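In case you want the letters, here they are:
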Amino acid sequence: MLNVTERAKAKLKELLETESDDRSVGLRLGKTASGSLGVFPDRERADDQVVEHDGAAVLLVGQEIAEKMEDTTIDYEEGGVSPGLVIKRN
């Protein structure tokens, strides 16, 4: 199962609020146009794993990505050269 820390959930909610005012939109974890893993605004799909924070769907993860991300944790780190979301294997 994919785990998301409270710190990461709060940051995802903050990012989502800057991306869209539409409460039916969340941030999808998926492959970007360049083929790397990223988050982008999208609507929930039937097979999504949905991560919520303060009543909002902040992260949408499709079944294929969720299976590949099994036993991982998404966290947010502010220190270092570039702050951002960090994916760690458990």
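The paragraphs below set out a description of the structure included in this document. (Residues numbered from 1 in each chain as written. Predicted model: local features only at pLDDT ≥ 70, side-chain atom pairs only at ≥ 80, totals over all residues. Heavy atoms only, no water.)

1. With respect to unusual backbone geometry
Then, number 1: One non-glycine residue with positive phi stands out, namely D54, at about 50°.
Then, number 2: Summarising the element assignment, D54 is placed in the loop between β4 (49-53) and β5 (56-61).
Then, number 3: Despite not being glycine, D71 has its phi angle at roughly 65°, a positive value.
Then, number 4: If you trace the backbone, D71 turns up in the loop between α2 (63-68) and β6 (72-77). (Helix = DSSP H or I, 4+ residues; strand = E, 2+ residues; numbered from the N terminus.)

2. Notes on the nonpolar core
Then, number 1: If you look at the biggest cluster of nonpolar residues, it comprises 18 residues, and the most contacted ones within it are L2, V4, L29, L59, V61 and I74.
Then, number 2: Residue assignment for this core shows that the elements contributing at least two residues are α1 (6-19), β2 (25-31), β5, α2 and β6.
Then, number 3: Looking at this core, the element that brings in the most residues is β5, giving four residues. (Core = buried A, V, L, I, M, F, W, Y, C linked by side-chain atoms within 4.5 Å. Buried < 20%, exposed > 50% of the residue type's maximum accessible area, 1.4 Å probe, protein only.)

3. Comments concerning the pattern of salt bridges
Then, number 1: Summed over the entire model, instances satisfying the criterion amount to 11 salt bridges.
Then, number 2: Of the charged contacts, one joins E77 and K88 as a salt bridge, the two residues approaching to 3.0 Å between their closest N and O atoms. Residue E77 is located in strand β6, and its partner K88 is located in strand β7 (residues 84-89); the two are separated by 11 residues in the primary sequence.
Then, number 3: Note on K88: relative accessible area 35%, which makes it partly exposed. (Salt bridge = Lys/Arg side-chain N within 4 Å of Asp/Glu carboxyl O.)

4. Topic: the sheet that holds β2
Then, number 1: With respect to topology, four strands assemble into an open sheet ordered β3-β2-β5-β4, the strand pairing being mixed. The two strands at the open ends of the sheet, each matched to only one other strand, are β3 (37-43) and β4. Strand-to-strand twist across the sheet, computed as the mean angle between neighbouring axes with direction ignored, equals 30°.
Then, number 2: Examined bridge by bridge, β2 and β5 share three bridges and lie parallel to one another. Paired with L29 across the bridge in β5 is V61. (Pairing = 2+ DSSP bridges. Axes fitted to C-alpha atoms, helices over the stretch in contact; angles between N-to-C directions.)

Note that every value here comes from positions in space, so none of it alone points to a role or purpose.
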